Amino acid sequence: MTPTIRLARPDETDALTDLSMRSKQSNGYDDAFMAACRAELTVTDQRMVEGTYWVAEIDGVIRGCVALGIAENGTSGEVNAFFIDPDFQGRGHGR
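Residues numbered from 1 in each chain as written. Predicted model: local features only at pLDDT ≥ 70, side-chain atom pairs only at ≥ 80, totals over all residues. Heavy atoms only, no water.

Novice: Help me get a handle on the overall build of the protein chain, residues and values and all.
Specialist: Within the protein chain, the secondary structure is distributed over three helices and four strands. Each helix and strand of the protein chain, ordered N terminal to C terminal, gives the series β-α-α-α-β-β-β. In terms of its C-alpha atoms, the protein chain occupies a principal-axis envelope of roughly 35 × 35 × 25 Å. Out of the 95 residues belonging to the protein chain, those deemed buried represent 37%. Contacts spanning at least 24 positions in sequence make up 50% of the contacts within the protein chain whose residues lie at least 6 apart. By element, 50% of the accessible surface of the protein chain is carried by carbon and sulfur atoms, the whole surface being about 6100 Å². (Helix = DSSP H or I, 4+ residues; strand = E, 2+ residues; numbered from the N terminus. Buried < 20%, exposed > 50% of the residue type's maximum accessible area, 1.4 Å probe, protein only. Contact = heavy atoms within 4.5 Å. Areas by Shrake-Rupley, 256 points an atom, 1.4 Å probe, with all protein chains shown as cover.)

So, in structure tokens, the structure goes:
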């Protein structure tokens, strides 16, 4: 199954936050660490404006996301977030 790549929609902040939290926790972090990360991993309207979020959908469900932004030097880009659904990790969807 090949994902469909598209720009994220403004109404998907909750889904992107959920994906980010589940993906991060799949690395073995405990609940206390995840609670400390919540603000950093929460996708807000402001973050959607500051960077360009792309999603990877499989069967109409978001299974991955990446946020791309302009670096402070203004001449290069940077990856601000990159998360894959734990159930879809290791399948090449992040490429």
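This is not the end of the story, as more comes after the structure.
Novice: Account for unusual backbone geometry, naming residues and giving values.
Specialist: In this model, Asp59 sits at a positive phi of 55 degrees, which is unusual for a non-glycine residue. Here Asp59 shows up in the loop between strand S2 (52–58) and strand S3 (61–70).

Novice: Pulling in residues and values, what's your account of the pairing of S3?
Specialist: Here seven bridges tie S2 to S3, and the two strands are oriented antiparallel to one another. Its bridge partner lying in S3, Ala56 is registered against Gly64. Taking the residues that link successive antiparallel strands as the turn, the S2-S3 hairpin has two residues, and the phi of Asp59 there is positive, at about 55 degrees. Examined bridge by bridge, S3 and strand S4 (residues 77–84) share seven bridges and lie antiparallel to one another. Each residue of the ladder has a partner; that of Gly64, found in S4, is Ile84. (Pairing = 2+ DSSP bridges.)

Novice: Could you give me a rundown of the nonpolar core, with the residues and numbers involved?
Specialist: With 16 residues, the main nonpolar core has Leu16 and Tyr53 as its most contacted residues. Those elements giving two or more residues to this core turn out to be helix H1 (13–25), helix H2 (31–41), S2, S3 and S4. Contacts of Tyr53, omitting those with residues within four sequence positions, involve Arg6, Leu7, Ala8, Leu16, Val43, Arg47, Met48, Val66 and Ala67. (Core = buried A, V, L, I, M, F, W, Y, C linked by side-chain atoms within 4.5 Å.)

Novice: Pulling in residues and values, what's your account of the confidence of the model for the protein chain?
Specialist: With 100% of its residues at a pLDDT of at least 70, the protein chain reaches an overall mean of 92. Of all the helices and strands in the protein chain, helix H3 (residues 45–50) carries the lowest mean pLDDT, 89, while H1 carries the highest, 97. (pLDDT = per-residue confidence, 0-100.)

Novice: Just give me the short version of the packing of aromatic side chains, but keep the residues and values in it.
Specialist: Counted according to the given criterion, the structure contains one aromatic pair. Note on Tyr29 and Phe33: the rings are 4.3 Å apart at their centroids and 20 degrees apart in plane angle, and the pair reads as stacked. Of the residues examined, Tyr29 reaches a relative accessible area of 34% and is grouped as partly exposed. Sitting over the ring of Phe88, Arg91 keeps its end group 4.7 Å from the ring centre. (Phe/Tyr/Trp six-rings, centres within 6.5 Å; stacked < 30°, edge-to-face > 60°. Lys NZ or Arg CZ within 6 Å of the ring centre and 35° of its normal.)

Novice: For the side chain of Glu12, give the residues involved together with the corresponding values.
Specialist: Locating Glu12 in the fold gives a position in the loop between strand S1 (4–7) and H1. Among the polar contacts made by the side chain of Glu12, one reaches the main-chain amide nitrogen of Arg9 at a distance of 2.7 Å. (Polar contact = N/O pair within 3.5 Å; in protein donor to acceptor, adjacent residues only side chain to side chain.)

Novice: Explain the environment of Thr13 to me, using residue names and the numbers behind them.
Specialist: Considering the arrangement of structural elements, one finds Thr13 in helix H1. Linking Thr13 and Asn27, residues 14 residues apart in sequence, is a C-alpha distance of 22 Å. Ignoring anything within four residues of it in the chain, the contact list for Thr13 reads Val43, Thr44, Asp45 and Met48.

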